[in-house]
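Chain residues, written in single-letter form:
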Amino acid sequence: MTRIPLHPFLVHFPIAFFFLELVCLVFWARKKDAAYERFARFAFTAGFLFLIAAMAVGWIDAGGFGAMGGSARRHFYGACSVFIFYALRAVHLKTRRAVDGQGPKVFRIAGAAMGNLLIFLTAYWGGILVYA
Ligand code: HEM
């Protein structure tokens, strides 16, 4: 029986939530309404949880590191960079909350934009695995 790949079901959640976080942070900077910052934190948390789930099923679909060819390994390294980058951002958000709860808006937006760039590259390499 052919196994249905699970990864494609889940990958769009971290992609969408982390993009939503960036949009909320831009609105926070422009409208100066803290509600956008709170929603950005919600989008960040949801994105991070779905990122872990998407990586877990991606690993299953790929059959583990040994079974990955060149393109899959490039995609995997991209995914690892996304995970490390967002894990560092998670630590920063947690400690910032502990210190003063706001933090420089520009720094947060730059971090979210960089993260989206890493995700874009990773997703592009993922698409090559399916469509090329
Ligand atoms: C442990 C990390 C990951 C592994 C091993 C992995 C592996 C794979 C594999 C094997 C595919 C081909 C389709 C399949 O058989 O499921 C794929 C597709 C894809 N992956 Fe990943 N992936 C990982 C993480 C990620 C992450 C973090 C993202 C984005 C945030 C992502 C985005 C995509 C996309 C967009 C596709 C194309 C799906 C489609 O359009 O059908 N992957 N990945």
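None of these values were measured; they are calculated from a predicted model.

With respect to the packing of helix α2 (residues 12–31) against helix α3 (residues 34–62)
Here is step 1 of the chain: Contact geometry of α2 with α3 gives a least axis separation of 8 Å together with a crossing angle of 165 degrees. In terms of orientation, α2 and α3 fall into the roughly antiparallel class. Like other packed secondary-structure pairs, α2 and α3 cross with a definite hand, here left-handed.
Here is step 2 of the chain: Of the residues belonging to the contact of α2 with α3, the class tally is 21 nonpolar, 1 polar and 3 charged.

Re α3
Here is step 1 of the chain: Between its terminal C-alpha atoms α3 stretches 41 Å, which fits the 42 Å expected from 29 residues at 1.5 Å a residue.
Here is step 2 of the chain: Inspection of α3 places Glu37, Ala40, Arg41, Ala43, Phe44, Ala46, Gly47, Phe48, Leu51, Ala54, Val57 and Gly58 among the buried residues, and these make up the whole buried set.
Here is step 3 of the chain: Where α3 ends, the next residue or the one after it, Gly63, has phi of about 80 degrees, a positive value.

Conventions and cut-offs
- Residues numbered from 1 in each chain as written.
- Predicted model: local features only at pLDDT ≥ 70, side-chain atom pairs only at ≥ 80, totals over all residues.
- Heavy atoms only, no water.
- Axes fitted to C-alpha atoms, helices over the stretch in contact; angles between N-to-C directions.
- Helix = DSSP H or I, 4+ residues; strand = E, 2+ residues; numbered from the N terminus.
- Parallel < 35°, antiparallel > 145°, perpendicular 65-115°, else oblique.
- Left-handed = near helix turned anticlockwise from the far one by under 90°.
- Nonpolar A, V, L, I, M, F, W, Y, C, P; charged D, E, K, R; others polar.
- Expected span 1.5 Å × (residues − 1).
- Buried < 20%, exposed > 50% of the residue type's maximum accessible area, 1.4 Å probe, protein only.

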